[in-house]
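What follows is each chain in one-letter form.
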Amino acid sequence: MSKKHRMTKQKRIIMEILRGTTSHPTADWVYEQARKQIPDISLGTVYRNLNNLKEMGEIMELCYGSSFSRYDGNPENHYHFHCLECGRVLDLDMPINRDLEKQVEESSGHKVERHRLEFYGVCCECNKKKQKQE
Ligand code: ZN
Ligand code: MN
């Protein structure tokens, strides 16, 4: 394993912070949490460690175009639901649709390795709040 990919104490703490939440936090949030355990850590170090962990396949980075990336302590492929009301990114407990990959391969001739699927709408909690208000 290269020096870059060694599991340092900082890296382990950052990974544990991510594994301990399902909120898909931004690097800033991870930084605030990490400072509680490593007071002199810098935001740059947090970013560097997040990138290393991503390269190691320990975590996932969820890129959303121009907005901030969010980080996911679960590196296995899974689907997400974005609430347009509260902004939360929620995990969906459903299997990866391999038929979709076959459809793409059959219609295009490309070899699919993986796919990412994001759903957008109003989460059940926001839906309940809306119904109460009406
Ligand atoms: Zn919501
Ligand atoms: Mn997730």
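**Q** Help me out: how do you make sense of the coordination of the zinc ion (ligand 1) in this one?
**A** By definition of the ideal shapes, four donors in a tetrahedron about a metal sit 109.5 degrees apart, and six donors in an octahedron sit 90 or 180 degrees apart. At the metal site, the zinc ion (ligand 1) is ligated by C83 (SG), C86 (SG), C123 (SG) and C126 (SG), and these contacts range over 2.3 Å. One can describe the donor arrangement at the zinc ion (ligand 1) as tetrahedral, given that its four donor atoms subtend angles of 102 to 121° at the metal. In primary-sequence terms, the residues that donate to the zinc ion (ligand 1) follow C-x2-C-x36-C-x2-C.

**Q** I would appreciate a short explanation of the coordination of the manganese ion (ligand 2) in the present structure.
**A** Protein coordination of the manganese ion (ligand 2) is provided by H24 (NE2), D72 (OD), H78 (NE2), H80 (NE2) and D91 (OD), with donor distances spanning 2.0 to 2.2 Å. Counting along the primary sequence, the residues that act as donors to the manganese ion (ligand 2) give the motif H-x47-D-x5-H-x1-H-x10-D. Across the pair, exposure class does not vary: H78 and H80 are buried alike.

**Q** I tried to follow the pattern of salt bridges on my own but got confused; where do I start?
**A** Between side chains of opposite charge, a pair can form when the charged atoms approach closely. With the rule as written, the count across this model stands at ten salt bridges. Note that K111 is salt-bridged to E105, the shortest N-O span being 3.3 Å.

**Q** Please clarify how the layout of surface pockets should be interpreted in this entry.
**A** Over the atoms a probe the size of a water molecule is rolled, and this reveals where empty space is left. Reported here for the largest pocket is a volume of approximately 160 Å³. Together, M60, E61, L62, P75, N77, R114, H115 and R116 line the largest pocket. Looking at the lining of the largest pocket, its residues break down into three nonpolar, two polar and three charged. For the lining of the largest pocket, the two domains that each supply at least three residues are domain 1 (3–72) and domain 2 (79–133).

**Q** I tried to follow the sheet that holds strand β3 (residues 80–83) on my own but got confused; where do I start?
**A** Working definition: the strands of a sheet are paired by backbone hydrogen bonds and lie parallel or antiparallel to each other. Read across the sheet, three strands follow the order β4-β3-β5 without closing on themselves; strand pairing throughout is mixed. In the strand order of this sheet, the two ends are held by β4 (89–91) and β5 (118–121), each with one partner. Neighbour-to-neighbour, the strand axes of the sheet open up by a mean angle of 30°, direction not taken into account. Taken together, the four bridges between β3 and β5 define a ladder with parallel strand orientation. Residue C83 lies in a different strand from β5, and its bridge partner there is G121.

About the thresholds
- Residues take numbers from 1 onward in each chain, read along the sequence in its written order.
- Each chain gets a letter, beginning with A, and each ligand a number, beginning with 1, in the order they are written.
- Residue-level local features of this predicted model are given only where pLDDT is at least 70; pairs of side-chain atoms are given and counted only at 80 or more, and the full residue set underlies all totals for whole chains, interfaces and linings.
- Values reported for side chains reflect all heavy atoms of the structure, with hydrogen atoms and water molecules removed beforehand.
- Keep in mind that water is not among the atoms, so a site may look incomplete; donors are the N, O and S atoms within 2.8 Å of the metal, or 3.2 Å for Na, K and Ca.
- Square planar and octahedral sites, with four and six donors, are those where opposite donors lie more than 155 degrees apart and all other angles lie between 65 and 115, tetrahedral sites have four donors with every angle between 85 and 135 degrees, and the rest are irregular.
- Residue exposure (1.4 Å probe, protein chains only): buried if accessible area is under 20% of the type maximum, exposed if over 50%, otherwise partly exposed.
- The term salt bridge refers to a side-chain nitrogen of Lys or Arg lying within 4 Å of a carboxyl oxygen of Asp or Glu.
- Think of a 1 Å grid over just the protein atoms. A cavity is a set of points where a 1.4 Å probe fits yet cannot get out, a pocket is an open set with protein on both sides within 12 Å along at least five of seven lines, and lining residues have an atom within 4 Å of a point.
- Grid points are joined across faces, edges and corners, and a volume is the space filled by probe spheres set on the points.
- Side-chain classes are defined by residue name, with Ala, Val, Leu, Ile, Met, Phe, Trp, Tyr, Cys and Pro counting as nonpolar, Asp, Glu, Lys and Arg as charged, and the others, Gly among them, as polar.
- Domains are outlined according to an automatic or database domain assignment.
- Pairing between two strands requires that DSSP report at least two bridges joining them.
- Counting from the N terminus, the helices are DSSP H or I runs at least four residues long and the strands are E runs at least two residues long.
- For every element, the axis is a line fit to its C-alpha atoms; helices are fit only across the contacting stretch, and the angle between N-to-C directions ranges from 0 to 180 degrees.

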